[in-house]
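Fold and contact review
Chain by chain, the residues run as shown.
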Amino acid sequence: MTEDVEQLREALASARQQLAAQEQRLRQQDLALNGIAALQAHEEPETLIAKAFELIAEALAFDRAMFLELREDRFVCIASTEAAAVGCEWPAGVFFRRVADGRPAVVPDEARAPEWSGMGTRADGGGLRPLKGAIYAPISAGAGPGLLVLSSAGHGAYSPADLRLVSRLGIFVSQTLAAAQRRRLAQAAHVAETERSQAVEASEAKSRFLANMSHEIRTPLNGVTTVAVLLAESGLQGRQKEMAQLIVDSSRALERLLNDILDLAKVESGRLTLEEAPFELPSALASTFDLFAIRAEAQGLAFDLRVAPAAHGWFTGDVARVRQVAANLLSNAVKFTQHGEVGVSLSVDEGFVTLEVRDTGVGFDAETAARLFERFEQADGSVTRRFGGSGLGLALSRTLAGMMGGDIACRSAPGEGSTFTFRFPARAAQAPMLQESSTVLGSPGAAALNVLVAEDNPNNRAIVCMVLEAIQARTVVVENGAQAVEAFAAAPFDIVLMDLQMPVMDGLSATRRIREMERAVGAGATPIIALSANAMTHHVEAALAAGSTAHVAKPIDPHRLIDTMLTLTSVAAHAWPATASAS
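Procedures and definitions
Residues numbered from 1 in each chain as written. Predicted model: local features only at pLDDT ≥ 70, side-chain atom pairs only at ≥ 80, totals over all residues. Heavy atoms only, no water. Helix = DSSP H or I, 4+ residues; strand = E, 2+ residues; numbered from the N terminus. Contact = heavy atoms within 4.5 Å. Areas by Shrake-Rupley, 256 points an atom, 1.4 Å probe, with all protein chains shown as cover. Buried < 20%, exposed > 50% of the residue type's maximum accessible area, 1.4 Å probe, protein only. Pairing = 2+ DSSP bridges. Axes fitted to C-alpha atoms, helices over the stretch in contact; angles between N-to-C directions. Phe/Tyr/Trp six-rings, centres within 6.5 Å; stacked < 30°, edge-to-face > 60°. Expected span 1.5 Å × (residues − 1). Arc of directions from axis to C-beta. Polar contact = N/O pair within 3.5 Å; in protein donor to acceptor, adjacent residues only side chain to side chain. Parallel < 35°, antiparallel > 145°, perpendicular 65-115°, else oblique. Left-handed = near helix turned anticlockwise from the far one by under 90°. Nonpolar A, V, L, I, M, F, W, Y, C, P; charged D, E, K, R; others polar. Salt bridge = Lys/Arg side-chain N within 4 Å of Asp/Glu carboxyl O. Core = buried A, V, L, I, M, F, W, Y, C linked by side-chain atoms within 4.5 Å. Patch = residues over 30% accessible without salt bridge, like charges linked within 9 Å, V, L, I, M, F, W, Y side chains within 5 Å.

**Regarding the overall build of the protein**
Scanning the protein for helices and strands turns up 15 helices and 21 strands. Taking all contacts inside the protein whose residues are at least 6 apart in sequence as the whole, residues at least 24 apart take part in 65%. Approximately 29,600 Å² of the protein is accessible, and the part contributed by carbon and sulfur atoms is 55%.

Take a look at the structure:
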């Protein structure tokens, strides 16, 4: 009897110890679960995983813990309590995929899992040997499905109850990692949006700066160019005429450089657009061909122009940009050719226009050809110093060609000249209907024009008046938009030359006010030419939207201004001195 009681007491004590151990284990598991649930999603993934390993160790003994992430057809260890395990890979076999799909498992011996095949492998040739008992539970590793693996050196070390615990732990870890991933994505999106906003602000600031600099450079350049043109055509002879023409050529070269820089800025900001309008191909390029034929002749070069019969016709495209590309190619051909000839051929075949420019100049090798269309590039440093140039022309030309759906190709050899081929698609178009002028020859000409000039800059006012003196126009000059509106209301004018940037009232506001006055009394629209150093595309569009009839950029080309005025007022042509250098 006594012996039975003693055995009963021992059994009861053992049961109490087991119960206490189980309660202690449950408390540890709850502690671990609560700890994992309290992990902060704002922490980095590496920190979260390390803390998760520490908390799991409080609830369950293990010799190695790993987080595996599925990458294409491999599971890769991204974190582990054993440094050598990080970076090891296992094939994404049936067992690993089944666990990752949500079916946790207890294995008595890891080596029996087909994915191990002896060991996990690393790219550096190292490896990881399997242990014995292990638990495999699914987790979300952030980038996709993954595995939480707890391994022990003891065979059959884990029970189904342990599996349920680890599965719960895996859920908590996955939720925490997912929250951290969402936080990182939100932060990345916020950073990207901030950077985008800053980039937009920087682009807009650059555009404003370029617009202001364009205006500030064109204003004094207007004085140099326009006065030089007037001076060159004022009857000068010999050396004096040559010097005046040199000023004209130099100022126009500076204007082309300014335009190239502005075009480059528009390309970078995505604001460079192409226009679609009908043009007659040979006629549209005739002035460009004539200009460079004269330059070639001045250098003692032959200029050979060949236009195929199929090129004679009307096509749709941006004729101004076609001329720009043609001018860049011809400018380089003339500049880099000291002896021989420059040849041009223009043809149309299967809906593509081909402009080929050949020269017998210095040429270049294949290495140079590979970088020739990059910005600020020329054949080499010595060529840059010898021939000058910004290195923007070909880069912009290829960009424009690409925007047209075409390209520019080149072939050359040192000392054997070069050939550049500009090819772009052009749809055939109908010739536009020409409107007959209501003014017949012999009617009152330019001397009858009453012109209102609104310009705040004294030098520009004087320059415009000099140009208008050449056609004997009667001129009223005001200094701001408000005065222009008052003058327009007080007397009739045949045409208005309106600057855009003026004090008191700007040119756009003055133009809108004049149009309102005309509509109020049912009068016809008086031609208004926006005459401004604001020459970027959006400036031109704003001027036309405000009611301007045309836009002429500064520096003023006197010939273009007079031609535009005569066209808009339907005044017959008169004795305005023609010059081949007008462009």
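**Describing the environment of Leu230**
Relative to the assigned elements, Leu230 resides in helix α4 (residues 160–232). Judged by its relative accessible area of 17%, Leu230 falls in the buried class. Distance in space between the C-alpha atoms of Leu230 and Ala244 is 9.1 Å, their sequence separation being 14 residues.

**Details of the pairing of strand β13 (residues 352–359)**
Consecutive side chains along a regular strand alternate between the two faces of the sheet. Most of β13 sits inside the fold, with 6 of its 8 residues counted as buried. Pairing between strand β12 (residues 341–349) and β13: 8 bridges, direction antiparallel. Bridging across to β13, Asp349 finds its partner in Phe352. With antiparallel pairing between neighbouring strands as the criterion, β12 and β13 make up a hairpin whose turn holds 2 residues, including Glu350 at a positive phi of roughly 55 degrees.

**Brief notes about the sheet that holds strand β17 (residues 450–454)**
Pairing in this open sheet of 5 strands is parallel, and the strands run β18-β17-β19-β20-β21 from one edge to the other. One side of each edge strand has no neighbouring strand; the edge strands of this open sheet are β18 (474–478) and β21 (550–553). Direction aside, the axes of adjacent strands within the sheet are offset by 20 degrees on average. Examined bridge by bridge, strand β19 (residues 495–498) and strand β20 (residues 528–532) share 3 bridges and lie parallel to one another. Looking at β20, one finds that Leu497 is bridged to Ile529. Strands in contact with helix α13 (residues 507–521) are β19 and β20; relative to β19, the strand with the most contacts, it is inclined by about 160 degrees. Taken strand by strand, helix α15 (residues 558–569) contacts β17, β19, β20 and β21, and its axis lies near 170 degrees from that of β21.

**Focus: the packing of aromatic side chains**
The way to describe two aromatic rings as a pair is by their centre distance and the angle between their planes. In this structure the tally under the stated criterion is 8 aromatic pairs. Where Phe95 meets Phe96, the ring centres are 5.9 Å apart and the plane angle is 50 degrees; that geometry is what we call tilted. In this structure, Phe95 and Phe96 share a single accessibility class: buried. By the ring-pair criterion, three or more aromatic residues cluster together here, those being Phe75, Phe95, Phe96 and Tyr136.

**Regarding helix α11 (residues 458–469)**
Relative to the 16 Å expected for 12 residues at 1.5 Å per residue, α11 spans 16 Å between its end C-alpha atoms, a close match to the ideal helical length. Those residues of α11 not exposed but buried are Asn460, Arg461, Ile463, Val464, Val467 and Leu468. Seen end-on, α11 carries its buried residues on one side only, within an arc spanning 165 degrees. Counted as exposed and oriented over 90 degrees from the buried face of α11: Pro458, Asn459 and Glu469. Looking at where α11 begins, the residue whose side-chain oxygen comes 2.9 Å from the main-chain nitrogen of Asn459 is Asn457.

**A look at unusual backbone geometry**
The step from Lys554 to Pro555 runs through a cis peptide bond, and the omega angle for that step is 0 degrees. Checked against the element boundaries, Pro555 lands in the loop between β21 and α15. Unusually for a residue other than glycine, Glu72 sits at a positive phi of about 60 degrees. Relative to the helices and strands, Glu72 is located in the loop between β1 (64–71) and β2 (74–80). With phi around 55 degrees, Glu350 is a residue other than glycine that occupies positive phi space.

**Let's talk about α15**
Between its terminal C-alpha atoms α15 stretches 16 Å, which fits the 16 Å expected from 12 residues at 1.5 Å a residue. Residues of α15 that are buried include every one of Pro558, His559, Leu561, Ile562, Thr564, Met565, Leu566 and Thr569, and no others. Sitting at the amino-terminal end of α15 is Asp557, which places a side-chain oxygen 3.0 Å from the backbone nitrogen of His559. Residue Ser570 follows α15 closely and has a positive phi angle near 55 degrees.

**Considering the packing of helix α6 (residues 281–298) against helix α7 (residues 319–335)**
For any two helices packed against each other, one specifies the inter-axial angle together with the distance between the axes. It is the contact of α6 with α7, at a shortest axis distance of 10 Å, that shows an interaxial angle of 15 degrees. Our classification of the angle between α6 and α7 gives roughly parallel. Crossing geometry of α6 relative to α7 is assigned as right-handed. Across from Ala284, Leu285, Thr288, Phe289, Phe292, Arg295 and Ala296 in α6, the residues of α7 making contact are Val319, Val322, Arg323, Ala326, Ala327, Leu330, Ser331 and Val334. Classifying every residue of the contact of α6 with α7 gives 11 nonpolar, 2 polar and 2 charged.

**Some remarks on the pattern of salt bridges**
Following the criterion strictly, the structure yields 16 salt bridges and no others. Between Arg358 and Asp304 there is a salt bridge; the shortest N-O distance is 3.7 Å. Taken together, the residues Arg358 in strand β13 and Asp304 in strand β10 (residues 302–307) connect sequence positions 54 residues apart. Beyond isolated ion pairs, a larger network of salt bridges with shared partners links Asp304, Arg306, Glu356 and Arg358.

**Quick word on the nonpolar core**
In this structure, Leu281, Leu346, Leu355, Phe420 and Phe422 are the most contacted members of the largest nonpolar core, which totals 38 residues. Of all the secondary-structure elements, those providing two or more residues to this core are α6, α7, β12, β13, α10 (393–403) and β15 (418–425). Grouped together as the second largest cluster of nonpolar side chains are 23 residues, Ala52, Ala59, Ala79 and Leu150 included.

**Describing the environment of Ala311**
As for its position among the elements, Ala311 is in the loop between β10 and β11 (314–317). Since its relative accessible area comes to 0%, Ala311 is described here as buried. Residues Ala311 and Pro282 lie 29 residues apart in sequence; the distance between their C-alpha atoms is 7.0 Å. Those residues within four positions of Ala311 in sequence are excluded, and the remaining contacts are Leu281, Pro282, Leu346, Ser347 and Val348.

**Thoughts on the sheet that holds β13**
Read from one edge to the other, the open sheet built from 5 strands follows the order β10-β12-β13-β15-β14, with strand pairing classed as mixed. The open sheet has two free edges, formed respectively by β10 and β14 (407–412), since each of these has just one partner strand. Ignoring which end each strand starts from, the neighbouring axes of this sheet average 10 degrees apart. Its contacts with the sheet put α10 on β14 and β15, and the angle it makes with β14 is roughly 135 degrees.

**Some points on a nonpolar patch on the surface**
A grouping of Phe209, Met213 and Ile217 is seen on the molecular surface, where their side chains present a nonpolar patch of about 270 Å² in accessible area. Relative to the elements of secondary structure, Ile217 occurs in helix α4.

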